[in-house]
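Below are the chains, spelled out letter by letter.
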Amino acid sequence: KQWYQRRVRGSVPDTSKMILIALALISAVCSAPTDQESVRISFSQKALDFGEDVAFYMIDIIQKVAVGKLTLPNVSTDSFRATSLKFSGIDLGKPEISTVPGVGMKWRNGNARIVVKGNWAAKVGWWWYDGSMTLDARLAVDAVAGITASNGKLATAPKGCNIGFHSFDLDLGNSFLSWVAGLFEGLITPEIKNAVCNEVNKLLRTTVNGVIASLPHDIPVADILDVEIEADSDPVFASSTIDISARVKADSQGSDTVFPFNPEPIVSQMDPSLMACVLISDYTLNTASYIALSAGQIRESVPNEVLDATNPVMNTAYFKTSIPDFYNAYPDSAVVYSVVNTRYPRAEFDHDNVIVDMPVNLMVEVGGSDVITLAITLTVEGNMQHTNNVLSGQITSATHTTSITSSSVGSVTVDQIDSVVDDILENTVLPQINTIITKGVTLPIDQYVNLNKGVLEAHDDFVKVCADATLTDFTLQELKKIAENIFDA
């Protein structure tokens, strides 16, 4: 089961090992599309093309590091030996990255070049001849990585590796023993294939999985809480897109919570003109709201720094004409208004807007005692905007309905007191809601990716953000570290 976990604010994920290469290919949030999904990340072929650029950046560093570090095992037969075989030159070129439907992703270097130097010895009759040699070969490398969900995270595993040689030029420095070259080719090509595929497979089993494990798995929602995300099923690979979906909900301190609502299906197609789309249902936000802002968690009162005690509504004299029984019971007395939510704020995305409704009780107090209690259903509508990696908005309208639930000063009608409600709400809960909407949701990639050419759309029950991406300087430095240390293990 995929879940959110509320965490102590201020904790941050370990970023020392995070790199963007995984973000360019896959996301830390994933599962198979389902009518219960509440988060989806989709990548187009344009994102895979971007992944090729990122990979080429790393390859340029890796192939320099590999020289002198990457070796081949010694070859020994009754009549031939090859020893001290080291790669002295590697040119992999820019890779091609594509999807393998139903499996994962394919990496292809179609015209890579390797140069291997070492020593050789060949037996002719009773005598051994030896010397140094240089192998210059061109080859194609094809590797397939399967990507699945495992223990709450994505995991990569090798699903195939193939090496095909375009050319094989061997210089033994001895034309008399040119026949040795043919013998050597038959012996050394399997070793080259094993060496290259072993490195690729090791990369998929260890390094890439380590990177994925260190990627951020949380989404901060305003200043209320962080939500931690785990993968519960496999991503879906189509011919030119990757859909990574999740059944995500909030949880408090690891305890299972039964929510009185369910996610609606997310129905949307990937925009091929942009690299990636992130879709978040209102169910996702509502589960977080249900946990963090349940009944009684939002409490405000006036007078406060905005609506102070000098305001006329802060004295019973204000109601001398409209509610005379109230004034007669407490003549010229200070009034305190307290607002408390009676249910979590419920959000809904709808046609480029976000709508939040929340019921509250408004208590009119004198001398510390409740005199009149009102039940108010508050509905707030706001627009939405996307700035780099932050989804936010601003209140554009607010409406409410009011009913009287109790009164200790006789019969009171809504019309007699409703004129005060607007002032109280505008100076208590509305600023809180606006703060939450304004701060919005920060996607957990802001340190690694800059989003641009963005599109923000609020659909029925979900919000959709699509964008292209560029790497931050921080990401480039992390990629460089990974590439430089890739052979140290």
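Cut-offs used in this document
Residues numbered from 1 in each chain as written. Predicted model: local features only at pLDDT ≥ 70, side-chain atom pairs only at ≥ 80, totals over all residues. Heavy atoms only, no water. Helix = DSSP H or I, 4+ residues; strand = E, 2+ residues; numbered from the N terminus. Buried < 20%, exposed > 50% of the residue type's maximum accessible area, 1.4 Å probe, protein only. Contact = heavy atoms within 4.5 Å. Areas by Shrake-Rupley, 256 points an atom, 1.4 Å probe, with all protein chains shown as cover. Polar contact = N/O pair within 3.5 Å; in protein donor to acceptor, adjacent residues only side chain to side chain. Phe/Tyr/Trp six-rings, centres within 6.5 Å; stacked < 30°, edge-to-face > 60°. Lys NZ or Arg CZ within 6 Å of the ring centre and 35° of its normal. Axes fitted to C-alpha atoms, helices over the stretch in contact; angles between N-to-C directions. Left-handed = near helix turned anticlockwise from the far one by under 90°. Nonpolar A, V, L, I, M, F, W, Y, C, P; charged D, E, K, R; others polar. Salt bridge = Lys/Arg side-chain N within 4 Å of Asp/Glu carboxyl O. pLDDT = per-residue confidence, 0-100. Disulfide = S-S within 2.5 Å.

1. A closer look at the overall build of the protein chain
Then step 1. For the protein chain, the helix and strand inventory stands at 8 helices and 22 strands.
Then step 2. Expressed as a percentage of its 489 residues, the buried residues of the protein chain come to 48%.
Then step 3. When contacts within the protein chain are restricted to residue pairs at least 6 apart in sequence, long-range pairs at least 24 apart make up 72% of them.
Then step 4. Just so you have it, the protein chain exposes about 22,000 Å², and 50% of that area is on carbon and sulfur atoms.

2. Notes on the side chain of Thr402
Then step 1. Tracing the sequence through the fold places Thr402 in strand β19 (residues 390–407).
Then step 2. A polar side-chain atom of Thr402 sits 3.2 Å from a polar atom in the side chain of Asp418.
Then step 3. Beyond its immediate stretch of four places on either side in the chain, Thr402 contacts Leu374, Ala375, Ile376, Val414, Asp418 and Val421.

3. Considerations on the packing of aromatic side chains
Then step 1. Within this structure, the stated rule accounts for 8 aromatic pairs.
Then step 2. A ring pair is formed by Phe261 and Tyr344, whose centres lie 5.6 Å apart and whose planes are at 40°; its orientation type is tilted. Of this pair, Phe261 sits in the loop between β12 (242–246) and β13 (276–281) while Tyr344 is found in the loop between β15 (336–341) and β16 (346–350), placing the two residues 83 residues apart along the sequence. Residues Phe261 and Tyr344 agree in their burial class; the two are buried.
Then step 3. On the basis of an interplanar angle of 70° and a centroid distance of 5.2 Å, the ring pair of Tyr290 and Tyr344 is categorised as edge-to-face. On the criterion of sequence distance, the pair formed by Tyr290 in helix α4 (residues 282–292) and Tyr344 in the loop between β15 and β16 is long-range, its members being 54 residues apart.
Then step 4. According to the relative accessible area criterion, Tyr344 is buried, its value standing at 6%.
Then step 5. Over the aromatic face of Trp128 sits the side chain of Arg81, whose NZ or CZ is 4.0 Å from the ring centroid.

4. Here's the deal with the environment of Pro359
Then step 1. Topologically, Pro359 is positioned in strand β17 (residues 353–366).
Then step 2. Pro359 sits in the buried class, given a relative accessible area of 17%.
Then step 3. When the C-alpha positions of Pro359 and Ile376 are compared, they lie 5.6 Å apart, and in sequence the two are 17 residues distant.

5. Details of unusual backbone geometry
Then step 1. Here the bond from Val302 into Pro303 is cis, since omega is 15°, no more than 30 degrees from zero.
Then step 2. Structurally, the position occupied by Pro303 is in the loop between β14 (299–302) and α5 (324–329).
Then step 3. For Ser84, which is not glycine, the phi dihedral falls at a positive 55°.
Then step 4. With respect to the helices, strands and loops of the structure, Ser84 is situated in strand β4 (residues 80–91).
Then step 5. Judged by relative accessible area, which is 46%, Ser84 ranks as partly exposed.

6. Thoughts on the environment of Val360
Then step 1. Within the secondary structure, Val360 is located in strand β17.
Then step 2. Sequence-wise, Val360 and Ser338 are 22 residues apart; in three dimensions their C-alpha atoms are separated by 10.0 Å.
Then step 3. Not counting residues within four places of it along the chain, the set of residues in contact with Val360 comprises Val339, Val340, Asn341, Thr342, Leu374, Ala375, Ile376 and Leu425.

7. So, the packing of helix α2 (residues 45–66) against helix α8 (residues 473–484)
For any two helices packed against each other, the geometry comes down to the angle between their axes and how far apart the axes lie.
Then step 1. Contact geometry for α2 and α8: axes closest at 8 Å, N-to-C directions at 35°. Crossing angle aside, the handedness with which α2 passes α8 is right-handed. Each of Val54, Tyr57, Met58, Ile61, Ile62 and Val65 in α2 lies in contact with α8, whose residues at this interface are Leu476, Leu479, Lys480, Ile482, Ala483 and Glu484.
Then step 2. A per-class count over the contact of α2 with α8 returns 10 nonpolar, no polar and 2 charged.

8. Overview of the pattern of salt bridges
Then step 1. This structure, assessed with the given rule, holds 10 salt bridges.
Then step 2. Across the pair Lys46 and Asp468 runs a salt bridge, and its minimum N-O distance is 3.0 Å. Of this pair, Lys46 sits in helix α2 while Asp468 sits in strand β22 (residues 462–471); the two residues are 422 residues apart in sequence, bridging distant segments of the chain.
Then step 3. Exposure remark for Lys46: the relative accessible area of 28% places this residue in the partly exposed category.
Then step 4. Residue Asp468 is classed as buried on the basis of its relative accessible area of 8%.
Then step 5. Its salt-bridge partner being Glu484, residue Lys480 comes within 2.5 Å of it at the nearest N-O pair. You can see Lys480 and its partner Glu484 sitting in helix α8, 4 residues apart, about one turn around the helix.
Then step 6. Lys480 sits in the partly exposed class, given a relative accessible area of 32%.

9. Thoughts on the confidence of the model for the protein chain
If pLDDT is low for a region, its predicted coordinates should not be looked at in detail.
Then step 1. Considering every residue of the protein chain, the mean pLDDT works out to 79; 81% of them sit at 70 or more.
Then step 2. Summarising per-element confidence for the protein chain, the mean pLDDT is lowest in helix α1 (residues 21–25) (26) and highest in α5 (95).
Then step 3. Throughout residues 1–35 the model reports pLDDT below 50, and contacts reaching past four residues in sequence, or to other chains, amount to 139 contacts.

10. A few points about the state of the cysteines
Then step 1. For the structure shown, the criterion picks out 2 disulfides.
Then step 2. Here Cys161 pairs with Cys197 through a disulfide, and the sulfurs are 2.1 Å apart. On the sign convention where negative means left-handed, the S-S torsion of about -85° between Cys161 and Cys197 marks this disulfide as left-handed. Linking Cys161 in strand β8 (residues 153–171) with Cys197 in helix α3 (residues 179–214), this pair joins segments that are 36 residues apart in sequence.
Then step 3. According to the relative accessible area criterion, Cys161 is partly exposed, its value standing at 26%.
Then step 4. Cys197 sits in the buried class, given a relative accessible area of 10%.
Then step 5. The partner cysteine of Cys277 in its disulfide is Cys466, sulfur to sulfur 1.9 Å. Note on the Cys277 and Cys466 pair: the S-S dihedral is about 105°, so by sign convention the disulfide is right-handed. Remark: Cys466 occurs in strand β22 and Cys277 occurs in strand β13; sequence separation between them is 189 residues.
Then step 6. Cysteine pairing for the protein chain (bonded cysteines numbered in sequence order): 1-2, 3-4.

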